[in-house]
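What follows is the residue order along each chain.
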Amino acid sequence: MDWGTELWDQCDIIEKHTQSGLELVEKYVKFVKERTEIEQNYAKQLRNLSKKYNVKRSSKEEPECSRLSSYQSFLDILNEMNDYAGQRELIAENMMMSICIDLTKYLQELKQERKTYLMEAKKAQQILESTYKQLESSKKRFEREWREAERAAQNAEKTDQDINATKADVEKAKQQAHMRAHVAEECKNDYAAQLQKFNKEQNQFYFQDMPLIFNKLQDLDERRVRKLGQGYILFSDTEKHVMPIISKCLEGITKAGTNVNEKNDSMVVVEQNKSGFERPGDVEFEDYSQGINRTSSESSLGAPKGPMDLLGRNRSKNFWLFSKRSKLSSSTLSPYSSPPAPSPANGPPSPKFGRDPLSYCLKEINKTVKPRISSFRTLRRSPTVTEDFTHLPPEQRRKRLQQKLEEICKELQKEVDQSEALEKMKDVYEKNPQMGDPASLASQISQTSQNIERLRGDVKKYETWLSEAGGRGETPHYRPHTFNNGAQETQSPDGAHSDESTPDPSQAIYAEFDDDFEDEELAAPIGKCTAMYNFPGASEGTISMQEGEELAVIEEDKGDGWTRVRRSNGDEGYIPTSYVTISLNK
């Protein structure tokens, strides 16, 4: 069933229906746009939420909590939520691109096409109306002329029967009647022609032109409905496409929850906060009833006993498990204040001592011990940070020393590598002056040597402190290097350094290259390179190459401008990095 046949007389209905269909597309586009705005706002709020609860790198709590599985799992959840927000943004973006923009463009095309069809229908209708007007005009003219002809014929007949009329009058009346009849006949023929023309055009209008236009509008509307249905499907498919990734985000959150290990967290807390101190012993009873008086050295905190011993060695930590702010007045003794001055050895006893020695002894203990402990609970001083970390408890000190020693060794290895690179570059400049001035590297070589000496001194210093703290004193090994005109420093087993001078600096450098190639096994290539220029490879340790030649990369450029390569026949050597294009294996 088509509109041209079944709805041939419903032009207004078809026009209204197609217009309402286009308005439905516009409404759906607006709906999807609002949905994308909701998704974008949702994603933005999720990102802000993740950012809000993500502990900053500068936070003081992070170093202590970063190793806790519960803390790390929470960070993983925040990261997964951030990724989830990204998927919501992707949904909004895809909906905007595949639905809103596409449908809007398609809608404009439909509007233009519909407008063209309606213009054609209007034009055909105007042509039919014009033909009909011509028909009505010819019809009225034919009617008027036929009446005039009838009157002229009646008048001629009447004149002919009139006995008073002359022959000329009769002849004139007959001519007039004949002329009117001829005009009426012409009008009749014109009317017949116009009627035939109108019927033909009307038949074409109702059976050809308008059905064709209506069928085109029907096809347009069906294409609109089909496109709109595809938009409905995309509304769902757009979200379905990212559901696997969203599922992975949710699985990541679940995995973060299963990764929480309460036993591991408890061990981490112990490892991070273990002080290494011994538990305090019992406080000794000082019997003043026997006439034993404290001396200034015994009553001071310089050599504390029991819990005071712990407090004296670890003043940066509160002694009590659950410390609260004390409401003691400012006159309360602090653990660093001097105790009451002792009475002379042979001086008169206190009146209270004479009356109740035991009560006096207990009161003296309360005065000297308890106020000090209470005041310590309220004391919150920041300990002085020292280079050897003596302000930390023994266990924490060992860890910090070991960590610091590893950092210095890494920095030392970096300086050693840089020194080797500078020496290689200097030797190449000496062999090939056109590539650079060797004297320009003197300041860098000198500075690097000073840095190495300083760092080696720091290594020895921290090794000593670590040994004193009870650590093993093991440090990462680093390669010997060549600097200061070829003097190669090696590290002895006991940690000391010795200098061995070689007669020829350049020979020492190239001997080092040769030793690397002879002693090491053939390393696996890490990539390949193609020569852009010819390189003679005249210096020892280098290798020649021709433009366009492909070589295997064995060792990357360490910052000295040279790359180690190997030919297919096994020859190895260094080439200028700027002479080749390198592609490393992934």
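If you're wondering where the values come from, they're calculated on a predicted model, not measured in any experiment.

A.B. asks: Even after reading the chapter, I still don't get helix 13 (residues 442-468), so can you show me in this structure?
C.D. replies: An α-helix turns once per 3.6 residues; consequently, residues spaced three or four apart project the same way. With 27 residues, helix 13 extends 39 Å between its outermost C-alpha atoms, agreeing within 8% with the 39 Å of an ideal straight helix rising 1.5 Å per residue. Buried within helix 13 are the following residues: Ile445, Thr448, Ser449, Asn451, Ile452, Leu455, Arg456, Asp458, Val459, Tyr462, Trp465 and Leu466. Count one or two residues on from helix 13 and you reach Gly470, which has phi positive near 95°.

A.B. asks: Which parts of the structure should I look at to understand the pattern of salt bridges?
C.D. replies: Between side chains of opposite charge, a pair can form when the charged atoms approach closely. Within the structure shown, the criterion is met by 20 salt bridges. The salt bridge partner of Glu239 is Arg35, with a shortest N-O separation of 2.9 Å. Of this pair, Glu239 sits in helix 5 (residues 167-258) while Arg35 sits in helix 2 (residues 11-53), and the two are 204 residues apart along the sequence. You can call Arg35 buried: its relative accessible area is 16%. Three or more residues are tied together by salt bridges with common partners; here these are Glu555, Lys558, Arg564, Arg566 and Glu572.

A.B. asks: Help me out: how do you make sense of the nonpolar core in this one?
C.D. replies: Nonpolar side chains tend to gather and get buried jointly when the protein is soluble and globular. Formed by 40 residues in total, the largest nonpolar core has its most connected members in Tyr28, Val32, Ile99 and Leu217. Elements with a contribution of two residues or more to this core: helix 2, helix 4 (69-161) and helix 5. The element best represented in this core is helix 4, accounting for 17 residues. Contact partners of Ile99, with chain neighbours within four places excluded, come to Tyr28, Val32, Asn94, Thr104, Gly231, Leu234 and Phe235. Membership of the second largest hydrophobic core comes to 14 residues, among which are Phe389, Leu412, Val416 and Leu466.

A.B. asks: Looking at this structure, I do not really get the packing of helix 2 against helix 4. What am I missing?
C.D. replies: How two helices pack is summed up by the angle between their axes together with the distance between the axes. Running from amino to carboxyl end, helix 2 crosses helix 4 at an angle of 165°, the nearest separation of the two axes being 8 Å. As judged from the angle between their axes, helix 2 and helix 4 are roughly antiparallel. The crossing of helix 2 and helix 4 is left-handed. Taken together, the residues that form the contact of helix 2 with helix 4 break down as 24 nonpolar, eight polar and 10 charged.

A.B. asks: Looking at this structure, I do not really get the packing of aromatic side chains. What am I missing?
C.D. replies: For any pair of aromatic rings, the description rests on two quantities: the centre-to-centre distance and the angle between the ring planes. Tallying each qualifying case throughout the model produces 13 aromatic pairs. Between Tyr132 and Phe198, the aromatic rings sit 5.1 Å apart at their centres with planes inclined by 50°, giving tilted as the arrangement. Of this pair, Tyr132 sits in helix 4 while Phe198 sits in helix 5, and the two are 66 residues apart along the sequence. Of the residues examined, Tyr132 reaches a relative accessible area of 39% and is grouped as partly exposed. According to the relative accessible area criterion, Phe198 is buried, its value standing at 8%. Clustering of aromatic rings is evident, with ring pairs tying together Tyr28, Phe31, Tyr232 and Phe235. Between the NZ or CZ atom of Lys227 and the centre of the ring of Tyr106, over which it lies, the distance is 5.4 Å.

Quick notes on the rules
- Residues numbered from 1 in each chain as written.
- Predicted model: local features only at pLDDT ≥ 70, side-chain atom pairs only at ≥ 80, totals over all residues.
- Heavy atoms only, no water.
- Helix = DSSP H or I, 4+ residues; strand = E, 2+ residues; numbered from the N terminus.
- Expected span 1.5 Å × (residues − 1).
- Buried < 20%, exposed > 50% of the residue type's maximum accessible area, 1.4 Å probe, protein only.
- Salt bridge = Lys/Arg side-chain N within 4 Å of Asp/Glu carboxyl O.
- Core = buried A, V, L, I, M, F, W, Y, C linked by side-chain atoms within 4.5 Å.
- Contact = heavy atoms within 4.5 Å.
- Axes fitted to C-alpha atoms, helices over the stretch in contact; angles between N-to-C directions.
- Parallel < 35°, antiparallel > 145°, perpendicular 65-115°, else oblique.
- Left-handed = near helix turned anticlockwise from the far one by under 90°.
- Nonpolar A, V, L, I, M, F, W, Y, C, P; charged D, E, K, R; others polar.
- Phe/Tyr/Trp six-rings, centres within 6.5 Å; stacked < 30°, edge-to-face > 60°.
- Lys NZ or Arg CZ within 6 Å of the ring centre and 35° of its normal.

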